[in-house]
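# Structural features, examined
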Amino acid sequence: MDVVLLSRLQFAVTVFFHFIFVPLTLGLSIILAVMETMYVRTGDEMYKRMVKYWGKLFIINFTLGVVTGITLEFQFGTNWSRYSEYVGDIFGSLLAIEATAAFFLESTFLAVWWFGWEKVSKKMHCFAIWMVAFASNLSALWIIIANGFMQNPVGYVIRNGRAELDDFFAVVTNPYSMGQYPHTVIASWMLAGFFVMGVSAWHLLRKNEEAFFQKSFKYGAAFALVFAVTVAISGHHQGNVVAELQPAKLAAMESHWETMKGAPMNLLVMPDEANERNSIEALAVPNALSILAFNDPNAEVKGLKDFPQEDRPPVLITFLSFRVMVGLGTLFPILAGLAWLWREKIQEKPWLLKALIYTIPLPYAAIMFGWTVAEVGRQPWIVYGMMRTNDAVSPVDASSVLTSIIAFVVVYSLLGVLDIYLLRKYALKGPKKA
């Protein structure tokens with residue numbers, strides 16, 4: 001058994017499971033804040049019922065997210081101690097800021113909001129949920145800045161055999177992070193829109209609380225449409241950043257083997273990594289890859305053959321993950337556009353309501369595949385161009401890592417079943433009667 005592979009699998013299991021809860025927290029907090037603002041402005045009790053109903057689902061999701069996220073930071077010490085020793089001066093400080101400046105702020109105001117109904121003024125209560133939304137998204141910023149250092153290390157010096165922080169401003173303005181952050185949070189806001197639409201669609205099909213869920217549906221449709229379009233724009237920008245800073249990852253995303261100017265994009269491709277070529281390559285769009293990567297039809301795009309084999313990321317999984325993410329990202333604006341177009345007569349479109357129910361898991365899948373592209377595409381580096389993953393693992397016995405993986409899978413599976421049960425129970429139960 002390979003301790004490096006097992007350690008990577010363990011971290012992948014925990015981080016992907018944790019990230020099931022993160023995007024809904026980021027997006028639903030914004031929707032709740034908007035709904036409660038409308039309640040304060042209009043005094044309409046319908047908005048208050050909406051906030052309480054969607055807020056209960058938010059609390060369930062948030063609680064499970066906290067529980068599953070705590071274990072992640074411990075793994076940097078148990079499984080990745082050499083990494084922590086080498087770059088802990090930088091990476092650790094960013095995680096500490098996230099906890100003290102964002103998570104504590106989020107948790108404090110969440111308590112005020114959840115327990116403060118009728119105990120604080122309407123405006124103070126509304127302010128509390130806006131602070132929860134702000135702190136949640138601020139927390140994501142610091143996590144992504146930490147990940148951005150792994151993707152594009154900046155602002156450090158090598159001293160005494162380890163990387164030490166030299167320029168804090170360079171770290172927090174890392175161009176990789178500044179592209180990755182909006183792409184991640186916008187995708188999360190879009191996901192929340194589809195979640196609200198999907199749950200509302202279930203009730204509308206059954207004619208439950210029609211006025212309540214019609215109004216909720218409109219909010220979900222607006223969020224889904226606006227952010228389904230903007231996530232594509234932010235994704236294009238992030239692709240430009242990857243092309244500049246991680247050309248090997250870009251080449252793997254497109255299964256692009258030969259360096260060329262005016263590189264075409266093949267719409268039908270099947271990588272053949274063993275023979276350093278594509279076994280299928282058809283429907284080429286001239287100059288499209290150069291345009292997408294550098295906004296220049298004549299730009300040179302490096303091929304995988306320009307990189308030593310030991311420095312290339314796994315091609316097939318990076319390529320397929322990117323294709324699935326882009327494919328789903330193309331579907332979302334279409335569904336959200338139809339939902340918004342027919343929002344006033346959505347009950348006359350039962351086929352669309354049914355489709356939106358089944359769409360709920362798809363934004364989660366798109367985000368997970370996007371992170372697969374980001375993290376697998378960075379390999380074989382844990383810190384790009386600076387420290388290899390093989391050199392970062394803790395000197396522990398593989399059997400102990402395997403045991404902990406099994407334990408994590410069992411515990412997280414139980415937590416996952418509990419989360420789905422609670423979300424389903426309270427989502428289908430509907431709001432309290434007026």
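All figures in this text were calculated on a predicted structure; none of them were measured in a lab.

On to the overall build of the protein chain, then. Counting its regular elements, the protein chain contains 14 helices and eight strands. For 434 residues, the compact-globule estimate of 2.2 N^0.38 gives 22 Å, and the C-alpha radius of gyration of the protein chain, at 23 Å, lies within 12% of that figure. Based on the C-alpha atoms only, the size of the protein chain along its principal axes is roughly 65 × 50 × 40 Å. Taking all 434 residues of the protein chain together, the buried fraction comes to 51%.

As enumerated under the stated definition, the model contains 21 aromatic pairs in all. Consider the rings of Tyr53 and Phe212, whose centres lie 5.7 Å apart with planes at 85 degrees: the pair is edge-to-face. Of the two residues, Tyr53 sits in helix H3 (residues 45-78) while Phe212 sits in helix H8 (residues 210-245), which places them 159 residues apart along the sequence. Judged on exposure class, the residue Tyr53 and its partner Phe212 are both buried. Between Phe194 and Phe332, the ring centres sit 5.3 Å apart and the planes meet at 50 degrees, which makes this aromatic pair tilted. Taken together, the positions of Phe194 in helix H7 (residues 175-205) and Phe332 in helix H11 (residues 315-341) put the pair 138 residues apart, joining distant regions of the chain. Phe194 sits in the buried class, given a relative accessible area of 1%.

What follows deals with H3. Spanning 34 residues, H3 covers 50 Å between terminal C-alpha atoms, matching the ideal 50 Å at 1.5 Å per step. One side-chain oxygen of the residue at the start of H3 lies 2.9 Å from the amide nitrogen of Met46, identifying that residue as Asp44.

On the secondary structure map, Ser216 appears in helix H8. We classify Ser216 as buried; its relative accessible area is 0%. For Ser216, the contacting residues outside a window of four places in its chain are Met50, Trp54, Val196 and Ser200.

Before going further, it helps to spend a moment on the nonpolar core. By size, the foremost hydrophobic cluster in this structure holds 89 residues, and its most contacted members are Trp54, Trp113, Phe194, Phe217 and Leu356. Ranked by residue count, the leading element in this core is H7, at 15 residues. Not counting residues up to four positions away in its chain, the partners in contact with Phe217 are Met197, Ser200, Leu204, Ala339, Arg343, Ile346, Leu353 and Leu356. Judged by nonpolar contacts, the second largest core, of 30 residues, contains Val3, Trp80, Met150 and Val393.

Moving on, we come to the pairing of strand E1 (residues 156-159). Consecutive side chains of a regular strand alternate in pointing toward one face of the sheet and then the other. Sheet topology places E1 next to strand E2 (residues 162-165); four bridges connect them, and they run antiparallel. Its bridge partner lying in E2, Arg159 is registered against Arg162. Between E1 and E2, which pair antiparallel in sequence order, lie two residues; one of them, Asn160, sits at a positive phi of approximately 55 degrees.

Residues Lys52, Lys425, Lys429 and Lys432 make up a contiguous surface patch of positive charge. Looking at the element boundaries, Lys429 is found in helix H14 (residues 398-429). For Lys429, a relative accessible area of 60% gives the class exposed.

Rules and cut-offs
Residues numbered from 1 in each chain as written. Predicted model: local features only at pLDDT ≥ 70, side-chain atom pairs only at ≥ 80, totals over all residues. Heavy atoms only, no water. Helix = DSSP H or I, 4+ residues; strand = E, 2+ residues; numbered from the N terminus. Rg over C-alpha atoms; globule rule 2.2 N^0.38 Å. Buried < 20%, exposed > 50% of the residue type's maximum accessible area, 1.4 Å probe, protein only. Phe/Tyr/Trp six-rings, centres within 6.5 Å; stacked < 30°, edge-to-face > 60°. Expected span 1.5 Å × (residues − 1). Polar contact = N/O pair within 3.5 Å; in protein donor to acceptor, adjacent residues only side chain to side chain. Contact = heavy atoms within 4.5 Å. Core = buried A, V, L, I, M, F, W, Y, C linked by side-chain atoms within 4.5 Å. Pairing = 2+ DSSP bridges. Patch = residues over 30% accessible without salt bridge, like charges linked within 9 Å, V, L, I, M, F, W, Y side chains within 5 Å. Areas by Shrake-Rupley, 256 points an atom, 1.4 Å probe, with all protein chains shown as cover. Salt bridge = Lys/Arg side-chain N within 4 Å of Asp/Glu carboxyl O. Lys, Arg positive; Asp, Glu negative; His and termini not counted. Charge placed at Lys NZ, Arg CZ, Asp CG, Glu CD.

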